[in-house]
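Summary of structural features
Given next are the chains, with one letter for each unit.
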Amino acid sequence: MVFISVTRLRISSFFYLPVFFIKNERVIKQLKKAEGFLSGKLFVDKHLTFWTLTRWESEAGMKAFRNSLDHKKAMPKLPGWCDEASYTHWLEDSDTIPGWEEVYLKLSLNAKFTTVKKPSADHRNKIIPQIQWKKIERPIEKIKA
């Protein structure tokens, strides 16, 4: 069994993109070296929406990454940058990375919504909009030590 973590962040303004990209690249660099990280992918949807999917050996490994270094520094910025922010987790029995359709379904059924300063109507109503396919996908592979 592997632990799957999914996040969905919609950036509220183009104004926040440069600093978001810088922080995101630092987090991805950290992620690739994280203990217990197996693989993942990043998807940029239309409307400045960023989806991440990461596969972990355990929930403890994901939480250790979440609470360390660059990721921990970026987290307090998200409520100001985003008008939608949600996540979900599950255990997966497969060695393959789930597809985005499955990710959307699981998130729409089990999303936990993060507090944001200026929530969109969808966020206030706890709705995960359908993925708007403008496919910009990036695999995230573990760097072997």
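What you see is a predicted model, and the numbers here were worked out from it, not measured in a lab.

Section: the nonpolar core
Core analysis: the biggest nonpolar cluster contains 24 residues, and Ile11, Phe20, Phe50, Trp56 and Cys82 have the highest contact counts within it. Secondary structure elements with two or more residues in this core: strand E1 (2–11), helix H1 (17–33), strand E2 (37–45), strand E3 (49–56), helix H2 (59–66), helix H4 (78–81) and strand E4 (82–92). Among the elements that make up this core, the one with the highest residue count is H1 (five residues). Apart from the residues within four sequence positions on either side, Ile11 is in contact with Tyr16, Leu17, Phe20, His47, Leu48, Phe50, Trp81 and Cys82. Formed by 13 residues, the second largest nonpolar core is a distinct cluster that contains Ile4, Val6, Trp51 and Leu107.

Concerning H1
The end-to-end C-alpha separation of H1 is 24 Å, in line with the 24 Å expected for 17 residues at 1.5 Å each. Those residues of H1 that sit buried are Leu17, Phe20, Asn24, Val27, Ile28, Gln30 and Leu31. Across the axial projection of H1, the buried residues extend over an arc of 165°, all falling on one side. Facing away from the buried side of H1 by more than 90 degrees, the exposed set consists of Lys29 and Lys33.

Re the packing of aromatic side chains
As enumerated under the stated definition, the model contains nine aromatic pairs in all. Taking 5.6 Å as the distance between ring centres and 35° as the angle between the ring planes, the aromatic pair formed by Trp56 and Phe65 counts as tilted. Aromatic ring contacts, followed pair by pair, group Phe20, Phe21, Phe50 and Trp81 into a single cluster.

The rules we used
Residues numbered from 1 in each chain as written. Predicted model: local features only at pLDDT ≥ 70, side-chain atom pairs only at ≥ 80, totals over all residues. Heavy atoms only, no water. Core = buried A, V, L, I, M, F, W, Y, C linked by side-chain atoms within 4.5 Å. Buried < 20%, exposed > 50% of the residue type's maximum accessible area, 1.4 Å probe, protein only. Helix = DSSP H or I, 4+ residues; strand = E, 2+ residues; numbered from the N terminus. Contact = heavy atoms within 4.5 Å. Expected span 1.5 Å × (residues − 1). Arc of directions from axis to C-beta. Phe/Tyr/Trp six-rings, centres within 6.5 Å; stacked < 30°, edge-to-face > 60°.

No statement about biological role is implied by the geometric values presented.
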